Amino acid sequence: MTVTIVGSQLGDEGKGGVVDLYGDAADVVARYQGGDNAGHTVVHDGEKYKLSLVPSGAVRGKVGVLGNGCVVNPETLFDEIDTLRERDLEPDVRVAERAHVILPYHRALDGIEEAEKEELAAGTTKRGIGPTYEDKAGRRGVRVGDLLDPEILRERLEYVVPQKKALAEEVFDKETGEAFDIDYLYDTYREYGERLAEEDMTVDCGTFLQDRIDDGDNVMLEGAQGTSLDIDHGVYPYVTSSNPTAGGATVGTGLGPTVVGGGEVIGIVKAYLSRVGTGPLPTELGGVEDQTPDYDEEVGGGTDEEELATYIRDEGGEYGTVTGRPRRVGWLDMPMLRHAARANGFTGLAINHIDVLAGLDEVEVGHSYEFDTAEQSSASNQNSSNSDDGDEIFTMPPTTEQWGRCEATFRSFDGWPEVDWAEVASEGYEAIPENARTYLEYISDELDTPIYAVGVGPGRGETVVVENPYE
Ligand code: GDP
Ligand code: IMO
Ligand code: MG
């Protein structure tokens, strides 16, 4: 069977930890979208592993697959594999021949375009993700399988590189170097192709995974990013360029929708909200320069909200795994989660980071949004009820501009104390402080989805397991 792990918010919900938690029962762990923009953390036995491309099952020695929906930077992939080997792991990673390759000009153009876009910039990780997916859709991409065939590789590069060079030089007025040089690219990427072949790493992803399932193996599908970063269902244009939602797990691996849908789809929820990047955030606390729209340092600094944000950011270690940027933080956004539960069809929830909120007097939740119907007629057709101040809506409106104008209506929950969380994890769900359970059950009830796990710390042992999806 398959278990699909999906971020329900804006990334960094603790997906890596949940993949590791349930990974014991999995035989293969496959990524289905994204690339080295992801940063998934696994903490076990005092060791911390930060993984960008190698699927998180590697820490438990599981076979990892990068599906056809991924974009692969071979340089990062091999660096990561080599680093894990130095740490005495033996990552067995297979790469779909249909996956697209991130080339140096994609990275360069990601940086150039971000600078050009100004307020439309998503604050990308500058890993070349968007430009690579653009070329995939434009049918001018280079696929992993092309690296194995010198003639095809040369042909692809000769077509595409002059276009990219002209774009950088003539449209954006930038100087170009070896990142745009056909001979350099050909030589370097042929070598990557040779290593992929020597280590027998390439696969036909769908066939590989289906064969394993037919043999009775358990497959885990590891989503990267999160639902609100999805190019279709997220807060466009402040999104990534792939489909982290559960539908992406089928397209991005070649497993049929009935196979993925016949398994479990687990939504990973952070007990509050974090965001690295730009765009609106109705439940944001305080703000972060260069990321929060219209951030005013004078106003932002020193307020109670800002202090609370700094407290949560520091307690939760909310600094980007990939870029080190401080993450924006806010209260949980229930309309965002209702949207995610519908778009993904979650069968279970893993709610992480309740330990981070411990010790606060009260914990707030954005329960619904207040929406000015006069301005926003189309979105008011959503599940809504009238109040004197406008409509109360319970899910995200379809445009990001409308979302940016939503005001969150908060509910308050009594806080819970700091306790010995490792002990709570070993004793089970009932050992979680009562007020925290009230909070968790509110989330579960609102999303009509059972709780499978509760994260009470970063380590493998710091999770309260309620259900094992493979049992
Ligand atoms: P991912 O991208 O969804 O895999 O998440 P990241 O690894 O980028 O960020 C999650 C961070 O929170 C990592 O540092 C994890 O080790 C940590 N983490 C995961 N679950 C918990 C939890 O329940 N409590 C605490 N305190 N930290 C957690
Ligand atoms: P994991 O898998 C959080 C954000 C970037 C930016 C937008 C587009 O660790 O949860 P991109 O480089 O993908 O073109 O950037 O998406 N972003 C993430 N935010 N976690 C991630 O991955 C992210 N991957 C991309 O900050 O706003
Ligand atoms: Mg992350």
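Our structure's up above, just so we're on the same page.
Presented here is a report on the structure given in the accompanying data block. Values in this document were obtained by computation on a predicted structure and should not be read as measured data. (Residues numbered from 1 in each chain as written. Chains lettered and ligands numbered in written order. Predicted model: local features only at pLDDT ≥ 70, side-chain atom pairs only at ≥ 80, totals over all residues. Heavy atoms only, no water.)

1. Section: the coordination of the magnesium ion (ligand 3)
Rules: Nitrogen, oxygen and sulfur within 2.8 Å of a metal are treated as its donors, or within 3.2 Å for sodium, potassium and calcium (Na, K, Ca); water is not counted, so a site can appear incomplete. Put simply, DSSP H or I for four residues or longer makes a helix, DSSP E for two residues or longer makes a strand, and each gets a number counted from the N terminus. For the exposure calls, accessible area comes from a 1.4 Å probe over protein chains only, and a residue counts as buried if that area is under 20% of its type's maximum, exposed if over 50%, partly exposed in between.
Around the magnesium ion (ligand 3), the protein supplies Asp-12 (OD) and Gly-39 (O) as donor atoms, at distances of 2.0 to 2.2 Å. A residue pair is termed long-range when its members are at least 10 positions apart, and Asp-12 in the loop between β1 (2–7) and α1 (15–22) and Gly-39 in the loop between β2 (28–31) and β3 (40–44) qualify at 27 residues. Taking relative accessible area as the criterion, Gly-39 reaches 11% and is therefore assigned buried.

2. A look at the sheet that holds strand β12 (residues 273–275)
Here is the rule: Here the rule is simple: two strands pair whenever DSSP picks up at least two bridges between them.
Judged by pairing direction, the sheet is antiparallel, and its three strands sit side by side in the order β12-β14-β13 without closing on themselves. Sheet topology places β12 and β13 (284–285) at the edges, where each strand pairs with a single neighbour. Two strands pair when backbone bridges link them, and β12 and strand β14 (residues 328–330) are joined in this way by three bridges, in the antiparallel orientation. Note that in β14 the partner of Leu-273 across the bridge is Gly-330.

3. Observations concerning the packing of helix α5 (residues 150–171) against helix α6 (residues 182–198)
How two helices pack is summed up by the angle between their axes together with the distance between the axes. Applied cut-off: Every axis in this analysis is a line fitted to C-alpha atoms, fitted for helices over the stretch in contact. Angles between the N-to-C directions lie between 0 and 180 degrees. For any pair of crossing helices, the crossing counts as left-handed if the nearer helix is rotated counterclockwise from the farther one by less than a right angle, and right-handed if it is rotated clockwise. The contact criterion used throughout is that any non-hydrogen atoms of two residues lie within 4.5 Å. We call Asp, Glu, Lys and Arg charged. Ala, Val, Leu, Ile, Met, Phe, Trp, Tyr, Cys and Pro are nonpolar, and the rest, Gly among them, are polar.
Direction vectors running N to C along α5 and α6 enclose 145°, while the axes themselves pass 10 Å from each other. In this structure, α5 crosses over α6, and the sense of that crossing is right-handed. Along its contact with α5, which presents Pro-150, Leu-153, Arg-154, Leu-157, Glu-158, Val-161 and Pro-162, the element α6 presents Ile-182, Asp-183, Leu-185, Tyr-186, Tyr-189 and Arg-190. Tallied by class, residues from the contact of α5 with α6 come to nine nonpolar, no polar and four charged.

4. Remarks on the packing of aromatic side chains
Going by this rule: Pairing of aromatic rings covers Phe, Tyr and the six-membered ring of Trp, with a centre-to-centre limit of 6.5 Å; geometry is then stacked below 30 degrees between planes, edge-to-face above 60, and tilted otherwise. Two conditions define a charge sitting above a ring: the NZ of Lys or the CZ of Arg must be within 6 Å of the ring centre, and it must be within 35 degrees of the ring normal.
Counted according to the given criterion, the structure contains six aromatic pairs. Relative to Tyr-192, the ring of Phe-78 has its centre 6.0 Å away and its plane inclined at 25°; by these criteria the two rings are stacked. On the criterion of sequence distance, the pair formed by Phe-78 in helix α2 (residues 74–86) and Tyr-192 in helix α6 is long-range, its members being 114 residues apart. By relative accessible area, Tyr-192 is classed as buried at 16%. An aromatic cluster is present here, built from Phe-413, Trp-416, Tyr-439 and Tyr-442 joined pairwise through their rings. We note Arg-154 situated over the ring of Tyr-186; from NZ or CZ to the ring centre the distance is 4.9 Å.

5. Describing the site of ligand 2
For clarity, the cut-off: Being near a molecule or strand, for a residue, means having at least one of its heavy atoms within 4 Å of it. By the criterion applied in these results, polar contacts are pairs of N or O atoms within 3.5 Å in which, for protein atoms, one can donate a hydrogen and the other can accept it, and in which residues neighboring in sequence qualify only through two side-chain atoms. Under the convention used here, a 1.4 Å probe and the Shrake-Rupley method define accessible areas, while residue burial counts only the protein chains that appear.
Within the structure, ligand 2 sits among 22 residues, and His-40, Ala-122, Thr-125, Thr-240 and Val-276 are positioned closest to it. A distance of 2.8 Å separates an oxygen atom of ligand 2 from a polar atom in the backbone of Gln-225. Its free accessible area being 550 Å², ligand 2 has 98% of it covered by the protein chains. Residues of the shell around ligand 2, tallied by class, amount to eight nonpolar, ten polar and four charged.

6. Remarks on the site of ligand 1
Not every one of the 19 residues close to ligand 1 is listed here, only the nearest: Lys-15, Gly-39, Thr-41, His-353 and Asp-355. Contact distances for ligand 1 include 2.9 Å between an oxygen atom and a backbone N or O atom of Gly-14. Thr-41 is positioned such that a nitrogen or oxygen atom in its side chain is 2.4 Å from an oxygen atom of ligand 1. Mapped onto the shell around ligand 1, the elements with two or more residues apiece are α1 and β3. Per-element accounting of the shell around ligand 1 gives the leading share, three residues, to β3. Tallied by class, residues from the shell around ligand 1 come to four nonpolar, ten polar and five charged.

7. Digging into the pattern of salt bridges
How we decide: Salt bridge, as used here, is a side-chain nitrogen of Lys or Arg placed within 4 Å of a carboxyl oxygen of Asp or Glu.
Tallied over the entire structure, the rule returns 26 salt bridges. Close ionic contact of Glu-158 with Arg-154 constitutes a salt bridge, the shortest N to O distance being 3.1 Å. Residue Glu-158 and its partner Arg-154 are both found in helix α5; the two are separated by four residues, about one turn of the helix. The partly exposed category is assigned to Glu-158, whose relative accessible area is 43%. When the shortest N-O distance is used, the salt bridge between Asp-183 and Arg-154 registers 2.7 Å. Residue Asp-183 is located in helix α6, and its partner Arg-154 is located in helix α5; the two are separated by 29 residues in the primary sequence. On the accessibility criterion, Arg-154 (27% relative accessible area) is partly exposed. Residues joined by salt bridges that share partners form a network here, namely Asp-82, Arg-85, Glu-90, Arg-195 and Glu-199.

8. Considering unusual backbone geometry
Between Tyr-236 and the following residue, Pro-237, the backbone shows a cis peptide bond with an omega angle of 5°. Following the sequence through the fold, Pro-237 ends up in the loop between β10 (219–222) and α8 (246–251).

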